[in-house]
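Next come the chains, spelled out residue by residue.
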Amino acid sequence: ASSEIPKIHAFNSLLHVRESSTVYFSFFIFFCFEILCTYTYYCCCAFFPLYQIFREASLAAETSAYSSIAFTHCVNAFSSRYWSVRTAASLTFAVLVERLVGYKNEAESPERMVSSTEFFHRYPDLRRYMLKELGEATATAAASSWQVVM
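Residues numbered from 1 in each chain as written. Predicted model: local features only at pLDDT ≥ 70, side-chain atom pairs only at ≥ 80, totals over all residues. Heavy atoms only, no water.

Remarks on the confidence of the model for the protein
Stated precisely, the cut-off is as follows: Every residue carries a pLDDT, the predictor's confidence in it, which falls somewhere between 0 and 100. Helix and strand assignments come from DSSP, with helices taken as H or I runs of at least 4 residues and strands as E runs of at least 2, each series counted from the N terminus.
Here the protein averages 77 in pLDDT, and 73% of its residues register 70 or above. Across the protein, element-level confidence peaks in helix α5 (residues 67-77) with a mean pLDDT of 91 and bottoms out in helix α1 (residues 4-14) with 53.

Okay, structure coming up:
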């Protein structure tokens, strides 16, 4: 696990060099996904470079294919017992939501945002994933002794 961390930091510094090839970004995104699936504590070290990659506007076209996978990793990491992993996942999630859905800016045209129909047409796997997560959250809430007070 410790041998991967220097690689992540080395690649993170490469993000500031704009001449890097798209192939390296694709390879590194898969490398980060592997860390997210394999290691529990080092997830935060994989989320921060992903945050930088998805935040970079010049890489939007190259990284759009990986957005839905990163989205699921972020949501899965919200239940981590480590606050650093949850924080890193939240930062990456915020960038992904802006990248996937767009943002509303009153001064700009409303075409910057994506409708739910268009969103789920672009990312059908996220529809299934979000329905599954919502079902699990509903079942957990129904099984718990918490009461919702309105």
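Topic: the side chain of serine 80
Which entries qualify depends on this criterion: Here's how the labels work: a residue is buried when its accessible area is under 20% of the maximum for its type, exposed when over 50%, partly exposed in between, all with a 1.4 Å probe on protein chains only. Nitrogen and oxygen atoms within 3.5 Å of one another constitute a polar contact, given that in protein one can donate a hydrogen and the other can accept it, and given that sequence-neighbouring residues count only through two side-chain atoms. Two residues qualify as a contact provided that any one of their heavy atoms is within 4.5 Å of a heavy atom in the partner residue.
Tracing the backbone through its elements, the reader meets serine 80 in the loop between α5 and α6 (83-101). Look at serine 80 and you get buried, because its relative accessible area is 14%. A polar side-chain atom of serine 80 sits 3.1 Å from the main-chain amide nitrogen of tyrosine 82. Among all residues touching serine 80, those that are not within four sequence positions of it are Val85 and Arg86.

Topic: the nonpolar core
Quick note on the threshold: Here the nonpolar core consists of buried residues drawn from Ala, Val, Leu, Ile, Met, Phe, Trp, Tyr and Cys, with membership extended through side-chain atoms lying within 4.5 Å.
Counting 26 residues, the largest nonpolar core has Ile29, Phe33, Leu36, Phe47, Leu50, Phe54 and Val85 as its most contacted members. If you list the elements that add at least two residues to this core, you get α2 (22-38), α3 (43-55), α5 and α6. In this view, leucine 50 contacts Ile29, Cys32, Phe33, Leu36 and Thr92; residues no more than four positions away in its chain are not counted. Grouped together as the second largest cluster of nonpolar side chains are eight residues, Val75, Leu100, Val114 and Tyr129 included.

Regarding the pattern of salt bridges
Applicable threshold: Criterion for a salt bridge: a side-chain nitrogen of Lys or Arg within 4 Å of a carboxyl oxygen of Asp or Glu.
Throughout the structure, instances matching the rule amount to three salt bridges. As a salt-bridge pair, glutamate 118 and arginine 122 come within 2.5 Å of each other at their nearest N and O atoms. Of this pair, glutamate 118 and arginine 122 both sit in helix α7 (residues 116-122), four residues apart, which is roughly one turn of the helix. Given the relative accessible area of 34%, glutamate 118 is considered partly exposed. We classify arginine 122 as partly exposed; its relative accessible area is 45%. Put simply, lysine 132 and glutamate 133 hold a salt bridge, and the shortest N to O gap is 3.4 Å. For lysine 132, a relative accessible area of 41% gives the class partly exposed. Given the relative accessible area of 22%, glutamate 133 is considered partly exposed. Each of the salt bridges in this network shares a partner with another, and the network as a whole consists of Lys132, Glu133 and Glu136.

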